[in-house]
Amino acid sequence: MELEGKVAIVTGAAQGIGRAIAETLALCGADVAVVDLDISGATEAVKAITHRGRRGCAVKANVAEWAEVQGMVNQVMAELGRVDILVNNAGITRDGLLLRMKEEDWNLVLDVNLTGTFHGIKAVLPVLMKQRGGAIVNIASVVGVMGNAGQANYAASKAGVIGLTKSVAREYASRGVTVNAVAPGFIDTAMTQGLVGESREALLKQIPLGRLGTPDDIAQAVRFLVSPAAAYITGHVLHVNGGMLMG
Ligand code: NAI
């Protein structure tokens, strides 16, 4: 129960990795706000949290819109009373080779993955500073470090998340706020459902541990970074990728 008395916000938590993070933080004692475009999925996730004896609230917000993210923080403050942890997890892909990539697909991925993370941090920081501390974890990707053919927009957004993480970590360390990133490899969720047949086999050959990751593999890394055990870690990128990228 290392997070007892804490309130966490997890974006994109109606399903997949975000949902696993929300449930894991609740298992550790946190009350959790589940933020998503998909309010029915968010409401289901909140049921799982209250089932574990914690408080939860479902918030419908598009992280790409500043006003909606500000509204999200106001709603969480009104319903749960404080914020100690923010996990910027909401993310999307719109894949395609660069010469065929539409400007709107470039912009949408940057708006959600990178600007959405900026919005979350900017909206929550004043609350964390007033409380004299807190922990932010941004979900990046191995692709943000390695690059990936067909994902120029996504890789750029996730590389941006890493630079954003390190800069904000430096800016607010003196205020007791830690800011870290978790960079998943390939995780078995809706986002990777298209990976089938030969492309899946080829991918598995690049993963020393020989399997895709699970949402829980990522949730455990986030749990550590927001726990008191990680109090002296900030500006770090924790790679959780089965050994696909080392160093
Ligand atoms: P998912 O597609 O299963 O879930 C994403 C959730 O975010 C959905 O519930 C969706 O409704 C929500 N969402 C999308 N746009 C939103 C917006 N504008 N505002 C609020 N909510 C929004 O994806 P998954 O796999 O769980 O990914 C979660 C995070 O992990 C993403 O940031 C993704 O880029 C990252 N990631 C995933 C990997 C994978 O292999 N699945 C690998 C590396 C990183």
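Structure shown above.
On a predicted model such as this, the values are computed, not experimentally measured, just so you know. Residue numbers run consecutively from 1 along every chain, following the written order of its sequence. In keeping with the predicted nature of the model, local features appear solely for residues at pLDDT of at least 70, side-chain atom pairs appear and are counted solely at 80 or more, and the whole-chain, interface and lining totals rest on all residues. Side-chain metrics in this entry use all non-hydrogen atoms of the structure; hydrogen atoms and water are not considered.

A. Focus on the state of the cysteines. When two cysteine sulfur atoms lie within 2.5 Å, the pair is treated as a disulfide. One pass over the structure, following the stated rule, counts 0 disulfides. Of all cysteine sulfurs in the structure, the one in C28 sits closest to C57, which takes part in no disulfide; the separation is 19 Å. Each residue is placed in one exposure class: buried if its accessible area under a 1.4 Å probe, protein chains only, is under 20% of its type's maximum, exposed if it is over 50%, and partly exposed if it falls in between. Overall, the relative accessible area of 2% leaves C57 in the buried class.

B. Just helix α2 (residues 39-51), in detail. Comment: elements are numbered from the N terminus, with helices defined as DSSP H or I runs of at least four residues and strands as E runs of at least two. One fewer than the residue count of a helix, multiplied by 1.5 Å, yields its expected span. Taking 1.5 Å as the rise per residue, α2 with 13 residues should run 18 Å; its terminal C-alpha atoms sit 18 Å apart, in good agreement. Listed as buried for α2 are G41, A42, A45, V46, A48 and I49. Viewed end-on, α2 has its buried residues packed into an arc of 155°, placing them on one side of the element. Every exposed residue of α2 that faces more than 90 degrees away from the buried side is listed here: S40 and H51. For this analysis, residues touch if any pair of their heavy atoms sits within 4.5 Å. Buried positions along α2 lie against α1 (16-27), β2 (31-36) and β3 (56-60). Trailing α2 by a residue or two, G53 shows a phi angle of about 85°, which is positive. To obtain the arc, one takes the directions from the helix axis to the C-beta atoms.

C. Spotlight on the nonpolar core. Here the nonpolar core consists of buried residues drawn from Ala, Val, Leu, Ile, Met, Phe, Trp, Tyr and Cys, with membership extended through side-chain atoms lying within 4.5 Å. Judged by nonpolar contacts, the single largest core of 32 residues is most densely connected at I21, L25, V32, V34, V182 and V222. Sorting the residues of this core by element identifies β1 (7-11), α1, β2, α2, β4 (85-88), β5 (134-139) and α8 (215-226) as the ones contributing at least two each. Residue contacts for V222: discarding those within four places in its chain leaves I21, V87, V137, I139 and V182. Counting 29 residues, the second-largest nonpolar core is a separate cluster that includes I9, V69, L128 and V179.

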